[in-house]
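As a plain string of letters, each chain reads:
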Amino acid sequence: EPEVTQTPSHQVTQMGQEVILRCVPISNHLYFYWYRQILGQKVEFLVSFYNNEISEKSEIFDDQFSVERPDGSNFTLKIRSTKLEDSAMYFCASTGWNEQFFGPGTRLTVL
Amino acid sequence: GNSVTQMEGPVTLSEEAFLTINCTYTATGYPSLFWYVQYPGEGLQLLLKATKADDKGSNKGFEATYRKETTSFHLEKGSVQVSDSAVYFCALGTQGADKLIFGTGTRLQVFP
């Protein structure tokens with residue numbers, strides 16, 4: 001069964017460093033998303049991406065964040081200068097229509 | 001705006017007990033409704049969904065009915081197992097490929 005994959009599973013970084021989280025969506029899906037879940041809290045939408053551009057972003061998704069689909073398979077989330085409060089689980093998701101499939105997540109720890 | 005409200009957890013039950021986790025929503029239009037489950041240390045898995053009023057989603061013994069009149073989508077299971085221990089998230093999506101809006105999640109703990 002096709003699935004969304006994410007790498008790495010756990011990323012530890014120093015405050016102020018750049019990180020790139022990688023996702024491989026399901027191959028025939030057209031819509032891609034990033035969500036995050038701060039420990040013990042609810043899952044929050046960050047950004048959606050369609051046709052090689054951002055279709056919607058939340059207030060959380062400020063200038064420190066960017067997304068890219070550099071080739072036909074990968075979908076990346078970049079945080080330019082990480083803050084302590086960026087520590088969270090980041091989930092990638094993709095959909096063809098009406099059902100989102102989530103990856104296993106990348107746990108980001110900012111020290 | 002659109003939102004989802006879930007009952008507070010944790011919910012603690014003995015094996016074979018009946019489970020209800022309440023979920024209500026506020027949305028414009030005709031949302032699709034979902035229950036996702038997150039097992040310890042894992043990501044989100046779709047448990048069940050309903051796309052229109054009066055639809056019943058079901059999977060693995062869990063059920064939820066889309067009630068437009070009460071704006072609810074309560075999750076039920078007749079007999080829980082220890083392996084059902086997880087966090088359950090109610091979510092809504094307002095259009096086919098729109099973002100999902102999640103509730104706060106309800107932790108279920110089932111003891112033998």
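Scoring rules and cut-offs
Residues numbered from 1 in each chain as written. Chains lettered and ligands numbered in written order. Predicted model: local features only at pLDDT ≥ 70, side-chain atom pairs only at ≥ 80, totals over all residues. Heavy atoms only, no water. Contact = heavy atoms within 4.5 Å. Buried area = accessible area lost by both parts, 1.4 Å probe. Salt bridge = Lys/Arg side-chain N within 4 Å of Asp/Glu carboxyl O. Polar contact = N/O pair within 3.5 Å; in protein donor to acceptor, adjacent residues only side chain to side chain. Helix = DSSP H or I, 4+ residues; strand = E, 2+ residues; numbered from the N terminus. Nonpolar A, V, L, I, M, F, W, Y, C, P; charged D, E, K, R; others polar. Pairing = 2+ DSSP bridges. Axes fitted to C-alpha atoms, helices over the stretch in contact; angles between N-to-C directions. Disulfide = S-S within 2.5 Å. Buried < 20%, exposed > 50% of the residue type's maximum accessible area, 1.4 Å probe, protein only. Phe/Tyr/Trp six-rings, centres within 6.5 Å; stacked < 30°, edge-to-face > 60°.

Draft legend 1. Structural view of the interface of chain A and chain B. Taken together, the contacts link 17 residues of chain A with 19 residues of chain B. In this assembly, chain A packs against chain B so that about 1600 Å² is buried in total across both faces, 55% of it on carbon and sulfur atoms. Joining chain A to chain B, the criterion identifies one salt bridge. In this structure, Glu 56 of chain A and Lys 99 of chain B form a salt bridge, with 2.6 Å as the shortest nitrogen-oxygen distance. Along the contact surface separating chain A from chain B lie five residue pairs in polar contact (both at pLDDT 80 or more). Those elements that provide at least two residues to the side of chain A that touches chain B are strand S4 (31-37), strand S5 (43-50) and strand S9 (88-95) of chain A. Considering every element that reaches the side of chain A that touches chain B, the biggest residue donor is S4 of chain A, with four residues. Its residues assigned to classes, the side of chain A that touches chain B comprises nine nonpolar, five polar and three charged.

Draft legend 2. Focus on the sheet that holds strand S8 (residues 62-65) of chain B. All names here are of chain B. In space, the four strands of this open sheet follow the order S3-S9-S8-S7, with antiparallel pairing throughout. Two strands close off the open sheet at either side, each with one partner strand: strand S3 (19-21) and strand S7 (56-59). When strand polarity is set aside, the average angle formed by the axes of neighbouring strands in this sheet is 15°. Bridging between S8 and strand S9 (residues 75-77) involves three bridges; their strand directions are antiparallel. Bridging from a neighbouring strand, Ala 64 pairs with Leu 75 of S9.

Draft legend 3. Up close: the state of the cysteines. With the rule as written, the count across this model stands at two disulfides over all chains. Through a disulfide, Cys 23 of chain A is tied to Cys 92 of chain A; the S-S separation comes to 1.9 Å. Taking the torsion about the S-S bond as the criterion, the Cys 23 of chain A to Cys 92 of chain A disulfide, at about -65°, is left-handed. Pair noted here: Cys 23 of chain A is in strand S3 (residues 19-24) and Cys 92 of chain A is in strand S9, with a separation of 69 residues, a long-range link. A relative accessible area of 0% means that Cys 23 of chain A is categorised as buried. Look at Cys 92 of chain A and you get buried, because its relative accessible area is 0%. The disulfide partner of Cys 23 of chain B is Cys 90 of chain B, and the S-S distance across this bridge is 1.9 Å.

Draft legend 4. Spatial organisation of the packing of aromatic side chains. Residue and element names in this part refer to chain A. Across all of its chains, the model carries 17 aromatic pairs over all chains by this definition. Seen in terms of ring centroids, Tyr 35 and Phe 102 are 5.3 Å apart; in terms of plane orientation they differ by 45°. Their pairing is tilted. One end of the pair, Tyr 35, is in strand S4; the other, Phe 102, is in strand S10 (residues 101-102), with 67 residues separating them in the sequence. Phe 102 carries the same exposure label as Tyr 35, and that label is buried.

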